[in-house]
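Okay, here's what each chain looks like letter by letter:
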Amino acid sequence: METAIQPLDAPTAIRKRRSIKSFKSEPLPPELLRELVDLTVAAPSSWNLQDWRIVLVQSPEQKAALAAAAWNQQMVVQAPVTFVFAADIRSWEKPFTERIFAQAEEAGAWPTKAVEYFRKAIPDSQRALGDKIREYAVKDAMIAATHLVIAAESLGLATCFMNGWIEDQVKAVIGAADDPDLAIAVLVPVGYAAEPRLDPGRLPFGENVFVDRVGQPYT
Ligand SMILES: Cc1cc2nc3c(=O)[nH]c(=O)nc-3n(C[C@H](O)[C@H](O)[C@H](O)COP(=O)(O)O)c2cc1C
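Residues numbered from 1 in each chain as written. Predicted model: local features only at pLDDT ≥ 70, side-chain atom pairs only at ≥ 80, totals over all residues. Heavy atoms only, no water.

1. Brief notes about the packing of aromatic side chains
Each aromatic ring pair is summarised here by two numbers: the centre-to-centre distance and the angle between the ring planes.
Item 1. Per the counting criterion, the structure on display carries six aromatic pairs.
Item 2. Relative to Phe85, the ring of Phe83 lies with its centre 6.1 Å away and its plane at 20 degrees, an arrangement referred to as stacked.
Item 3. Residue Phe85 is classed as buried on the basis of its relative accessible area, which comes to 0%.
Item 4. Judged by centre distance (4.8 Å) and plane angle (80 degrees), the ring pair of Trp110 and Phe118 falls under edge-to-face. Pair check on accessibility: Trp110 and Phe118 agree, each one buried.
Item 5. Each member of the aromatic cluster is reached from another via a ring pair, and the members are Trp47, Phe101, Trp110, Tyr117 and Phe118.
Item 6. In this arrangement the basic side chain of Arg53 is found over the ring face of Phe96, its NZ or CZ atom lying 4.4 Å from the centre.
Item 7. Above the face of the Tyr136 ring, Lys139 is positioned so that its terminal group lies 3.9 Å from the ring centre. (Phe/Tyr/Trp six-rings, centres within 6.5 Å; stacked < 30°, edge-to-face > 60°. Buried < 20%, exposed > 50% of the residue type's maximum accessible area, 1.4 Å probe, protein only. Lys NZ or Arg CZ within 6 Å of the ring centre and 35° of its normal.)

Now the structure itself:
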């Protein structure tokens, strides 16, 4: 019988987290995966647009294809699931957004007046982003991925953020080859660690944390 998971508190999970490069083949209980998805999409996003598009890659065929798109990094094959975090750079133009407004209004979180303002302000702000639109959508997806990684660690699982892949190939694997609006942000295999959590360490704060201005080290 399964033992109930005692989640680690956030500071402990953050300190304990490491990038794990080899995973056991053990599957994730479906309710645990569901909890991870729930905690992932609890992430905030700009204007609450929720412009991430998340694909859970689980079948052996899809895992093999995704690994091939990721320089054959074996963690994608070994881990029971890899989350592909994509971002829809035109999410704000889609009917999706009206559902977000309706939900927030019904919950009493966004007054009708705010929704009326957002209906114009969101398209205006997104158009004003110009070339940065992709970067802004990817930020939201990365924040969601970070939620996943910390949540997974807290729940006894292991992860690794992955930048090592070819975007067009990843898009082809997830069935988005023809969607010019979909940007791939990051891949995150999730499973049970098959190696120790070894800490490569961090620089002292003074090297890259500053006070008031870059170059004035925080010590
Ligand atoms: C955005 C991002 C992309 C990364 N991509 C890869 C990757 O493709 N393959 C890999 O083995 N590690 C990857 N890593 C893991 C880093 O090498 C690792 O986070 C770093 O060495 C610090 O180790 P730690 O995560 O255990 O603290 C990535 C990490 C981040 C944050």
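2. Comments concerning the sheet that holds strand E2 (residues 81–88)
Item 1. What the four strands build is an open sheet, ordered E1-E2-E4-E3; its pairing is antiparallel. Either end of the sheet is taken by a strand with one partner, and the two such strands are strand E1 (52–57) and strand E3 (158–159).
Item 2. Pairing analysis gives eight bridges linking E2 to strand E4 (residues 182–191), with the strands arranged antiparallel. Looking at E4, one finds that Phe85 is bridged to Val186.
Item 3. Contacts between helix H2 (residues 30–40) and the sheet are confined to E1, E2 and E4, with E2 contributing the most and set at about 25 degrees to the helix. (Pairing = 2+ DSSP bridges. Helix = DSSP H or I, 4+ residues; strand = E, 2+ residues; numbered from the N terminus. Contact = heavy atoms within 4.5 Å. Axes fitted to C-alpha atoms, helices over the stretch in contact; angles between N-to-C directions.)

3. Focus on the packing of H2 against helix H7 (residues 133–154)
Item 1. Interhelical geometry of H2 versus H7 gives an angle of 140 degrees and a closest axis separation of 8 Å. The orientation of H2 with respect to H7, classified from their angle, is oblique. Both H2 and H7 take part in a crossing whose hand is right-handed. Touching Leu36, Leu39 and Thr40 of H2 are Ala144, His147, Leu148, Ala151 and Ala152, all from H7. (Parallel < 35°, antiparallel > 145°, perpendicular 65-115°, else oblique. Left-handed = near helix turned anticlockwise from the far one by under 90°.)

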